[in-house]
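Tertiary structure, described
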Amino acid sequence: MAAGGYGRYRALIFAAMFVGYTLYYFNRKTFSFVMPAVMAEVPLGKDELGLITSSQSAAYAISKFVSGVLSDQMSARWLFSSGLLMVGLVNVVFSWSSTVTAFAGLWFLNGLAQGLGWPPCGKILRKWFEPSQFGTWWAILSTSMNLAGGLGPIVAALVSMNYDWRKTLSFSGFTCVAVSFICLVLIKNEPSDVGLPNIEQGAKKGKKGSSSDNSTLTELLLSPYLWVLSTGYLVVFGVKTCCTDWGQLFLIQERGQSMLVGSSYMSALEIGGLVGSIAAGYLSDRAVAKVGLSSYGNPRHVLLLSMMAGMCVSMFLFRITVTGDSPKLWILTLGAVFGFSSYGPIALFGVIANESAPANLCGTSHAIVALMANVGGFLAGLPFSTIAKHYSWATAFWVAEVTCIACTVAFFFLRNIRTKMGRIPKKAD
């Protein structure tokens, strides 16, 4: 009966978070989806468009970090639902606006609300799923972004055929508002909220030594493994962003490929990434199920290192073997392999940062490594394009490739350090 109770609540909670986060992501991109229609009505230049989109990106990076810390201090269910409510209201008000100042200000608020979405999800997943299931469900939940990103433009286009952009945003916003209340009802922070025993590992280990549950922020920040993960995530996310943002230009400008091949490469990369995320979660969960989690090393490291090595190899082949005469199938294969190899580690870094931290600081831990990933994303922008401007795209990709190899080798040598973050029990050794 208990197992049945867990199963029913897990299904309802996961479904609510999946639908909710799909709407989060869809409403993060609604301005992009309706941009041509907005520009036809409101004169917007490239500078104004950049201001609007950049205001959201900056707010999102700040908010996601703050939200990670807040998820350890307050109800994750309220945080998730209130963020979705705010996203919906901002989209509705945006549909009533007509000035660049209003657009930029509201999209900044949208970015702040967007950051409240993912950190509570990680907290709730950890509370409701066993360590041997955590990675799989984390990865499946992350596919809600692929779903929204893939179907979003089609849905927006279909709606805009019958309604203008203002009604499209209003409808999308009111949908968020309605779903936010459903999420508040269906999502539960942990099993004890509905009378079931908690399955959090820290809660199971004896009451004498639940030191892992009351570690301080200072103890977390002094954990070397937190910074090993953060550095690895920075490099992997940065290198992935280099390929997703600039791979198409490299193919077209330096390898003489068509725009169709460039866009097809991007599609193949995203499809490979979707499969890679789920595979990373599922396969690493099987490793955890076999040997369990310990204070030193992590069963997920083997798969993480294998995928990082796959990133290095696929980048090398992409840079060296692709020419103007290369078969399209070979280019698409390289794109799919790189997507598989890069999105897998991105999922695993988030999972490991969450599960290796004390239960009372897992949101903060993930917030820190995610912030470092945002730094990697920034470095993949102007600094990377500056190298390409002064040398070539091939040279810029060589720099990214060497950085990825160095990171993989360093992580290999550090794979067996103490991975349990936070307070070290006096009898640990």
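Provided above is the structure to which this section pertains.
Keep in mind that what you see is a predicted model, and the values were worked out from it rather than measured.

If you look at the biggest cluster of nonpolar residues, it comprises 57 residues, and the most contacted ones within it are L229, V239, Y265, F349, F384 and F397. Looking at this core, the elements with two or more residues in it are α11 (224-254), α12 (259-291), α13 (301-321), α14 (328-355), α15 (362-379), α16 (382-390) and α17 (393-413). In terms of residue count, the dominant contributor to this core is α11 (14 residues). The residues touching L229, leaving out its near neighbours within four places in the chain, are F349, I352, A353, V369, F411 and M421.

Here we come to the packing of helix α4 (residues 76-94) against helix α5 (residues 100-114). For the pair α4 and α5, interaxial distance at closest approach is 8 Å and the crossing angle is 165°. Taken together, the axes of α4 and α5 are roughly antiparallel relative to one another. Crossing of α4 over α5 shows left-handed handedness. In this structure, α4 uses G83, M86, V87, V90, N91, V93 and F94 to contact α5, whose residues at the interface are F103, L106, W107, L109, N110, A113 and Q114. The residue makeup of the contact of α4 with α5, split by class, is 10 nonpolar, four polar and no charged.

Before going further, it helps to spend a moment on α4. Over its 19 residues, α4 extends 27 Å from the first C-alpha to the last, a length consistent with the 27 Å expected when each residue adds 1.5 Å. Taken together, the buried positions of α4 are occupied by A76, L79, F80, S81, G83, L84, V87, G88, V90, N91, V92 and F94.

Residue position: N354 is located in helix α14. With a relative accessible area of 2%, N354 lands in the buried category. Residues contacting N354, with those up to four places away along its chain left out, are G122, K123, R126, F134, W138 and C362.

Scoring rules and cut-offs
Residues numbered from 1 in each chain as written. Predicted model: local features only at pLDDT ≥ 70, side-chain atom pairs only at ≥ 80, totals over all residues. Heavy atoms only, no water. Core = buried A, V, L, I, M, F, W, Y, C linked by side-chain atoms within 4.5 Å. Buried < 20%, exposed > 50% of the residue type's maximum accessible area, 1.4 Å probe, protein only. Helix = DSSP H or I, 4+ residues; strand = E, 2+ residues; numbered from the N terminus. Contact = heavy atoms within 4.5 Å. Axes fitted to C-alpha atoms, helices over the stretch in contact; angles between N-to-C directions. Parallel < 35°, antiparallel > 145°, perpendicular 65-115°, else oblique. Left-handed = near helix turned anticlockwise from the far one by under 90°. Nonpolar A, V, L, I, M, F, W, Y, C, P; charged D, E, K, R; others polar. Expected span 1.5 Å × (residues − 1).

In short, geometric facts, not functional conclusions.
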